[in-house]
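So the chains spell out like this:
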Amino acid sequence: MSEEMSFEQMLEDSIKSIHNGSTVEGKVISVKPDEAVLNIGYKADGILTSNEYSNTPVDLTTVISVGDELTVKVLKVNDGDGQVALSYKKLAAEKANKRIEEAFENKEVLKAPVVQILKGGLSVDVEGGRVFIPASLVSDTFERDLNKYLNQEIEFVVTEFDPRKRRIIGDRKQLVSAQKEAAKKALFEKIEVGQTVEGVVKSVVDFGAFIDIGGADGLLHISEMSWGRVGNPKKLFKVGDQVTTFIKEINGDKIALSLKFEDTNPWANAEEKFAVGAIVTGKVARMTDFGAFVEIEPGVDALLHVSQIAKHHVEKPADELTIGQEIEAKIVDFNEEEKKISLSRKVLLPDEETEEVAEDAVEETEEVAEDVVEETVEVPAEEVAEETTEEATEE
């Protein structure tokens, strides 16, 4: 009897003592896509499901093999079927939380992939542990669509760490702001007025476009987009366009850009091209109550005053002209300093009195012809026959 007790005691001693929450070593003895069986040196085998292996769906046959040794955590000593329920991800999460806690205490910058887009922000995986980055802390500007970050590795710092309340918060915004400030400082150290710069259009508004020139945004005002008149910047630029501009002005941290390069200035040699007396052809660009502006060259508009549109009185330009109409006119004034050119169209028109005399002559001729026709038609045929007979009798 004592020998039998001794044998049972020896058997008990050879079996591990485990409990819920224990960490055990196990050897994979079989594996299927959704679960693996591990020999953990206990009277029952351990079961590791795919859900307890990772937070993301996984086929276990692709990540573990028979014979692999794993360190796992005991969830339940008896899962109801006489087997031990195991978890790999919980143990990994505990290890990850220690890593995250160290980073939190040391204010270390972490780099990890975004594994899930949540309603209020991003979920980042740090060696099996999760860090939540609220949408307001993802960037220094409002991000409407966070999906672009999915599966991307991002850098951040841990600003709150309370695993008991499941509150582990990351902040990417402060890193983005710091990087931009460093880039901005470096940019201002090397740029100067007149320098040509490459940039990308960040946004387009009614008064211009903001362009990122590598560290700071410069404003390309609507008046600096062309030598000519620009009605709507959104017809010229869209977000993402690559643009080559030059720095017109630097005022503190504000940069004014321009596309009006001097070698494209249409007013260069304007005194020769647009000398008084020259006859030019242009298109009516816009009209006001006092006249019409005619584009005689891209970037050069000349004023055709309402009094110079025709030889007769014109109440308003729209009575005689239309937008886009091509007209010929004579330059009657040129002011290079103020960049003003005045035109006259009426001096090229024929004398209206001469036209009226010609028109009157044509009208009189037509009237005479009509009278002759009417007189001829009004003589009855019978009367003509009677007159002819009488004349023959008399003879």
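Before reading on, note that the structure itself is shown above.
Residues numbered from 1 in each chain as written. Predicted model: local features only at pLDDT ≥ 70, side-chain atom pairs only at ≥ 80, totals over all residues. Heavy atoms only, no water.

### What to know about the overall build of the protein chain
Keep this limit in mind: Strands are runs of DSSP state E lasting at least 2 residues, helices are runs of H or I lasting at least 4, and numbering of each runs from the N terminus. The classification of residues rests on relative accessible area computed with a 1.4 Å probe and restricted to protein chains. Under 20% of the type maximum is buried, over 50% is exposed, and intermediate values are partly exposed. Throughout, a contact is declared for two residues whenever any of their heavy atoms are within 4.5 Å. The method behind every accessible area is Shrake-Rupley, applied with a 1.4 Å probe, and residues are considered shielded solely by the protein chains displayed.
When helices and strands are tallied, the protein chain shows 6 helices and 20 strands. Here the protein chain holds 395 residues, and 30% of them are scored as buried. Contacts spanning at least 24 positions in sequence make up 56% of the contacts within the protein chain whose residues lie at least 6 apart. Carbon and sulfur atoms form 48% of the exposed surface of the protein chain, whose accessible area is close to 25,100 Å².

### Regarding a nonpolar patch on the surface
Quick reminder of the rule: To count toward a patch, a residue needs a relative accessible area over 30% and no salt bridge; like charges are then connected within 9 Å, while nonpolar side chains (Val, Leu, Ile, Met, Phe, Trp, Tyr) are connected within 5 Å. One side-chain nitrogen of Lys or Arg within 4 Å of one carboxyl oxygen of Asp or Glu is enough to make a salt bridge.
There is a patch of nonpolar side chains on the surface, built from Ile279, Val347 and Leu348 and spanning about 240 Å² of accessible area. Secondary-structure assignment places isoleucine 279 in strand E16 (residues 279–287).

### As for the sheet that holds strand E19 (residues 326–335)
To keep things clear, this is the line we draw: At least two DSSP bridges between two strands are needed for those strands to be called paired. Lines fitted to C-alpha atoms define the axes here, with helix axes fitted over just the stretch in contact, and angles between the N-to-C directions of these axes take values from 0 to 180 degrees.
Here we have 5 strands rolled up into a closed barrel, ordered E16-E17-E18-E20-E19, and mixed in their pairing. Pairs of neighbouring strands in the sheet enclose a mean axial angle of 55°, with direction left out of account. Alignment of strand E18 (residues 300–305) against strand E20 (residues 340–344), held across 2 bridges, turns out to be parallel. The residue of E20 that forms the bridge with leucine 304 is leucine 343.

### Observations regarding the nonpolar core
What counts here: Working definition of a nonpolar core: buried Ala, Val, Leu, Ile, Met, Phe, Trp, Tyr and Cys residues. They are joined through side-chain atoms within 4.5 Å.
Judged by nonpolar contacts, the single largest core of 22 residues is most densely connected at Phe274, Ile296, Leu304, Ile309, Leu321, Ile341 and Leu343. Element by element, the count of residues in this core is highest for E19, at 4 residues. Leaving out residues up to four positions away in the same chain, leucine 304 has contacts with Gly291, Ala292, Val294, Ile309, Leu321, Ile327, Leu343, Ser344 and Arg345.

### Brief notes about unusual backbone geometry
The backbone of lysine 107 shows a phi angle near 55°, a positive value even though the residue is not glycine. Looking at where lysine 107 falls in the secondary structure, it is placed in the loop between helix H2 (89–106) and strand E6 (109–118). You can call lysine 107 exposed: its relative accessible area is 72%.

### Observations concerning the layout of surface pockets
In this approach the atoms are scanned with a rolling probe the size of a water molecule, which exposes any empty space left behind. What counts is decided by this rule: Buriedness for pockets is judged along seven lines, at least five of which must meet protein on both sides within 12 Å for an open set on the 1 Å grid over protein atoms alone, while cavities are sets there where a 1.4 Å probe fits but cannot get out, and lining residues have an atom within 4 Å of a point. Grid points are joined across faces, edges and corners, and a volume is the space filled by probe spheres set on the points. Side-chain classes are defined by residue name, with Ala, Val, Leu, Ile, Met, Phe, Trp, Tyr, Cys and Pro counting as nonpolar, Asp, Glu, Lys and Arg as charged, and the others, Gly among them, as polar.
Of the pockets and cavities examined, the largest pocket occupies roughly 670 Å³. In terms of lining residues, the largest pocket is bounded by 21 residues, among which Ala93, Asn97, Arg130, Arg166 and Ile168 are the most central. Among the elements of the structure, H2, E6, strand E7 (121–126), strand E8 (129–134) and strand E10 (167–171) are those that each provide at least two residues to the lining of the largest pocket. When residues of the lining of the largest pocket are assigned to their parent elements, the largest contribution, 5 residues, is made by H2. When its residues are assigned to classes, the lining of the largest pocket shows 8 nonpolar, 6 polar and 7 charged.

### Overview of the environment of serine 65
As for its position among the elements, serine 65 is in the loop between strand E3 (46–49) and strand E4 (69–76). Here the alpha-carbon distance between serine 65 and valine 28, two residues 37 residues apart in the chain, equals 6.9 Å.

### Considerations on the sheet that holds strand E5 (residues 84–87)
Taken in spatial order, the 5 strands close into a barrel running E1-E2-E3-E5-E4, and their pairing is mixed. Strand-to-strand twist of the sheet, defined as the mean angle between neighbouring strand axes without regard to direction, takes the value 55°. Relative to E3, strand E2 (residues 35–39) runs antiparallel, the two sharing 4 bridges. By the bridge assignment for E3, leucine 38 is matched with glycine 46. Across the sheet, H2 lies against strand E1 (23–31), E4 and E5, angled at about 100° from E4, the strand it touches most.

### With respect to the packing of aromatic side chains
Rule in force here: Under the pairing criterion, centres of Phe, Tyr and Trp rings, with the six-membered ring standing for Trp, must be within 6.5 Å; the plane angle then separates stacked pairs below 30 degrees from edge-to-face pairs above 60, leaving the rest tilted.
For the structure on display, the rule yields 6 aromatic pairs. Ring centres of phenylalanine 207 and phenylalanine 210 lie 6.2 Å apart, and the angle between their planes is 90°; this geometry places the pair in the edge-to-face category. Its relative accessible area of 40% is what places phenylalanine 207 among the partly exposed residues. For phenylalanine 210, a relative accessible area of 26% puts it in the partly exposed group. Measuring from centroid to centroid gives 6.2 Å for phenylalanine 290 and phenylalanine 293, while their planes differ by 85°, and the two rings are edge-to-face.

### Re the pattern of salt bridges
For the coordinates displayed, the defined rule picks out 16 salt bridges. Residue aspartate 241 is joined to lysine 238 by a salt bridge in which the shortest nitrogen-to-oxygen separation is 3.3 Å. The exposure class assigned to lysine 238 is exposed, which follows from its relative accessible area of 56%. A salt bridge links glutamate 338 to lysine 340, with the shortest nitrogen-to-oxygen separation between them at 3.4 Å.

### Description of the side chain of glutamate 143
Rule in force here: Two N or O atoms count as a polar contact when they lie within 3.5 Å, although within protein this holds only if one can serve as hydrogen donor and the other as acceptor, and sequence-adjacent residues are included solely when both atoms are side-chain atoms.
Positionally, glutamate 143 belongs in the loop between E8 and strand E9 (153–162). We classify glutamate 143 as buried; its relative accessible area is 14%. Here lysine 148 takes part through its side chain, which lies 3.3 Å from a polar atom of the side chain of glutamate 143. A polar atom in the side chain of glutamate 143 sits 2.8 Å from the side chain of tyrosine 149.

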